[in-house]
Amino acid sequence: MGATGRGRSVLRSGVKRLLGRAGFDIVRSTNNLGGVDDFLPFEATMRAAREAGLSVGDHIDEVMNGTPGATQATIDELRALGVFAAGPRTVLEIGPGSGRYLEKTLKECSPDRYEIYETAAPWADYLVESFSVVAQPTAGCSLAPTPDGGVDLVQAHKVFNTVTFLCASRYFFEMARVTRPGGRIVFDVMTETCLRPAAVRTWATQGGAGHDFYPAAMPRQTCVDLFATLGCSLEASFLAPMGVASTEVLVFTKEA
Ligand SMILES: C[S@@+](CC[C@H](N)C(=O)[O-])C[C@H]1O[C@@H](n2cnc3c(N)ncnc32)[C@H](O)[C@@H]1O
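To start, this report covers the structure provided alongside it.

**A few points about the overall build of the protein chain**
- Along the backbone of the protein chain there are nine helices and seven strands.
- By the burial criterion, 49% of the 256 residues in the protein chain qualify as buried.
- A separation threshold of at least 6 residues defines the contact pool for the protein chain, and within that pool the share at least 24 residues apart is 70%.
- By element, 55% of the accessible surface of the protein chain is carried by carbon and sulfur atoms, the whole surface being about 11500 Å².

In structure tokens:
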């Protein structure tokens, strides 16, 4: 039986409360095939950002996630690690959503080509329109339209904690495949470093309804060992805030 109007509105306000507490990075489906648009509706988010006089990225950081400056802090760390210093000519981003990392990446470098793989069509369209990026057909966890070894910087932020282990793993193989020798691979995952007992308690007690599947954990060593078999070595890692806790950003270099 479908939910009543009042039931639906109670549900929506419950979800909104949850988003305020834990960050918007919450997904509903088991593989997020509907995209973040389920929980980050394009029109409403853009309107709220406009009304707050903020860019959509800053609005998400400050108002929706309660972590002002979080996106910029990650970009600052990546800059300090020299990720943008080589002037990447081709960048590929998986799951850019609102484009909060994309926009800041484009302030750090001027690639000739910026490809995105994004399942939420309204956000993908907006990014194509606003930043002249190339939206690739996105199906499952594949980067098939992108040829081998041509991308200087491949990145994904706050994506792999919202998809299943297998989806993330499939993307890992693909990320290594498309990266050129000497190129960088940057992504964050919720590793054991982020899951100290206090953090687990917080997620378990404050997660609430809708947190059956999200956030998804990924063992750090699994990533390091897997990428090593793909010719990519871990160069650096650091923590980035996410909702009530954090994710760990891993920076790999593909051997030349
Ligand atoms: C939690 S959001 C993060 C968005 C953005 N990176 C950020 O940090 O603001 C996850 C994003 O990944 C996208 N996504 C989910 N599954 C995907 C998949 N299989 N392939 C590509 N994008 C996906 C969602 O639509 C959403 O935009």
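**Details of the state of the cysteines**
- The tally for this structure, following the rule as stated, stands at one disulfide.
- Here cysteine 141 engages in a disulfide with cysteine 167; their sulfurs sit 2.3 Å apart. With the S-S bond torsion at -110 degrees, the cross-link from cysteine 141 to cysteine 167 turns out left-handed. With cysteine 141 in the loop between β3 (134-135) and β4 (151-156) and cysteine 167 in helix α7 (residues 165-178), the pair connects residues that are 26 residues apart, well separated along the chain. For the pair formed by cysteine 141 and cysteine 167, the shared burial category is buried.

**Points about the packing of α7 against helix α9 (residues 220-229)**
- Close contact between α7 and α9 brings their axes to 10 Å; oriented N to C, the two are set at 35 degrees. Judged by the sense of rotation from one axis to the other, the crossing of α7 with α9 is right-handed. Facing Phe165, Phe172, Phe173 and Ala176 of α7, the residues of α9 in contact are Thr222, Cys223, Leu226 and Phe227.
- Its residues assigned to classes, the contact of α7 with α9 comprises seven nonpolar, one polar and no charged.

How each quantity is defined
- Residues numbered from 1 in each chain as written.
- Predicted model: local features only at pLDDT ≥ 70, side-chain atom pairs only at ≥ 80, totals over all residues.
- Heavy atoms only, no water.
- Helix = DSSP H or I, 4+ residues; strand = E, 2+ residues; numbered from the N terminus.
- Buried < 20%, exposed > 50% of the residue type's maximum accessible area, 1.4 Å probe, protein only.
- Contact = heavy atoms within 4.5 Å.
- Areas by Shrake-Rupley, 256 points an atom, 1.4 Å probe, with all protein chains shown as cover.
- Disulfide = S-S within 2.5 Å.
- Axes fitted to C-alpha atoms, helices over the stretch in contact; angles between N-to-C directions.
- Left-handed = near helix turned anticlockwise from the far one by under 90°.
- Nonpolar A, V, L, I, M, F, W, Y, C, P; charged D, E, K, R; others polar.

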